[in-house]
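What follows is the residue order along each chain.
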Amino acid sequence: FLGVDPDVVATSVGAGIWCGLFPIPFITTAVCVAVCGLLRLLGISSSVVLASALNLTMTIPDLLMVPVFVRLGDGLFGVESVPFDPRELFGMFKADLAGATMLLGGGLARACLVWLVLLPAVLLVSHFAVRPLAPRLPAGKKD
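Note that residues are indexed from 1 along each chain, following the sequence as it is written. Per-residue local features are limited, in this predicted model, to residues with pLDDT of at least 70; the limit for side-chain atom pairs, both in listing and counting, is 80 or more; totals at the level of whole chains, interfaces and linings are taken over all residues. Working from all heavy atoms in the structure, the side-chain values ignore hydrogens and water.

A. Up close: the packing of aromatic side chains. Note on aromatic pairs: the rings of Phe, Tyr and Trp (six-membered ring only in Trp) are paired at centre separations within 6.5 Å, and the planes decide the class, stacked below 30 degrees, edge-to-face beyond 60, tilted for the rest. Evaluated as defined, the whole model comprises 3 aromatic pairs. For the pair Trp-18 and Phe-69, a centre-to-centre distance of 5.7 Å together with 75° between the ring planes defines the contact as edge-to-face. Here the residue Trp-18 occupies a position in helix H1 (residues 6-19), and Phe-69 occupies one in helix H4 (residues 59-77), the gap between them amounting to 51 residues. Relative accessibility thresholds used throughout: buried, under 20% of the residue-type maximum; exposed, over 50%; partly exposed, between the two (1.4 Å probe, protein chains only). Trp-18 sits in the buried class, given a relative accessible area of 11%. Here the aromatic rings of Trp-18 and Trp-115 are separated by 6.0 Å at their centres, their planes lie at 5°, and the arrangement is stacked. With a gap of 97 residues between them, Trp-18 in helix H1 and Trp-115 in helix H6 (residues 97-130) connect regions that are remote in the sequence. Put simply, DSSP H or I for four residues or longer makes a helix, DSSP E for two residues or longer makes a strand, and each gets a number counted from the N terminus.

B. Up close: the pattern of salt bridges. For this document, the term salt bridge refers to a Lys or Arg side-chain nitrogen within 4 Å of an Asp or Glu carboxyl oxygen. Tallied over the entire structure, the rule returns 3 salt bridges. Arg-131 is the partner of Asp-7 in a salt bridge, and the nearest nitrogen-oxygen pair spans 2.7 Å. Here the residue Asp-7 occupies a position in helix H1, and Arg-131 occupies one in the segment after H6, the gap between them amounting to 124 residues. Put simply, Asp-85 and Arg-87 hold a salt bridge, and the shortest N to O gap is 3.8 Å.

C. Fine view of a nonpolar patch on the surface. On the surface, Leu-76, Phe-77, Val-79, Leu-113 and Leu-116 cluster together into a nonpolar patch covering about 470 Å² of accessible area. For Leu-76, the location among the structural elements is in helix H4. Patch membership requires over 30% relative accessible area and the absence of a salt bridge. Like charges are linked within 9 Å, and nonpolar side chains (Val, Leu, Ile, Met, Phe, Trp, Tyr) within 5 Å. Calculation of accessible area relied on Shrake-Rupley with a 1.4 Å probe; when residues are assessed, cover is drawn exclusively from the protein chains displayed.

D. Main features of the layout of surface pockets. What the largest pocket holds in volume is close to 310 Å³. Two kinds of site are reported from a 1 Å grid over the protein atoms alone, namely cavities, where a 1.4 Å probe fits but cannot get out, and pockets, open sets with protein on both sides within 12 Å along at least five of seven lines, and residues are called lining when an atom falls within 4 Å of a point. Looking at the largest pocket, it is lined by 20 residues, and the ones nearest its centre are Thr-11, Leu-39, Ile-44, Leu-123 and Leu-124. Of all elements in the fold, only H1, helix H2 (28-41) and H6 reach the threshold of two or more residues within the lining of the largest pocket. The greatest single-element share of the lining of the largest pocket, amounting to 7 residues, is contributed by H6. Grid points are joined across faces, edges and corners, and a volume is the space filled by probe spheres set on the points.

E. The arrangement of the environment of Ala-51 in detail. Looking at the secondary structure, you find Ala-51 in helix H3 (residues 48-57). Taking the C-alpha atoms as reference points, Ala-51 and Thr-11, 40 residues apart in sequence, are found 8.4 Å from one another. Note on contacts: a residue pair qualifies if any of its non-hydrogen atoms lie within 4.5 Å across the two residues. Ala-51 has contacts with Ser-12, Ala-15, Gly-16, Cys-32 and Cys-36, leaving out every residue within four places of it along the chain.

F. Focus on the nonpolar core. Ranked by internal contacts, the top residues of the largest apolar core, which has 22 residues, are Val-35, Phe-69 and Trp-115. When contributions to this core are tallied by element, the ones reaching two or more residues are H1, H2, H4 and H6. Broken down by element, this core gets its largest block of residues, 6 residues, from H6. Contact partners of Phe-69, with chain neighbours within four places excluded, come to Trp-18, Leu-21, Pro-23, Ala-111, Val-114 and Trp-115. The next biggest cluster of nonpolar side chains, apart from the first, holds 5 residues, and it includes Val-9, Val-13, Val-130 and Ala-134. The definition of a nonpolar core used throughout is a set of buried Ala, Val, Leu, Ile, Met, Phe, Trp, Tyr and Cys residues joined through side-chain atoms within 4.5 Å.

G. Representation of the side chain of Thr-11 within the structure. In this structure, Thr-11 sits in helix H1. Two N or O atoms count as a polar contact when they lie within 3.5 Å, although within protein this holds only if one can serve as hydrogen donor and the other as acceptor, and sequence-adjacent residues are included solely when both atoms are side-chain atoms. In this structure the side chain of Thr-11 is engaged in a polar contact, spanning 3.1 Å, whose partner is the side chain of His-127. Discounting residues that sit within four places of it in the chain, Thr-11 has contacts with Leu-39, Ile-44, Ser-45, Ser-46 and His-127.

Next up, the structure:
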């Protein structure tokens, strides 16, 4: 098979893990493909396959991190925090569906902005953390 450069492995690991923590669950694969495409446009090589595989392993941590990103976004923008108690959320939706949807949508939008702002730093740090550990896989011989 083709040789894989350690820089590609390091970038792909960082992209896959961070994209797997995108604050809107279950669209992380699309985000991962978009980030790898953006990296390619910037001249940075990555493996969409490796990044996507790692992205999918992050589903449980992603669900656990949604409230963290929402709280960070709410704090950054100085707005009241969105409640995460299921009974309280149900009550909000029952009392005012449109208002609850706007509140939660705003919380997720702010969470996505926090994630996006942190993206370059996380990719840089993860690249240099993973790079020494990334193996250099030799290129296969053509028959």
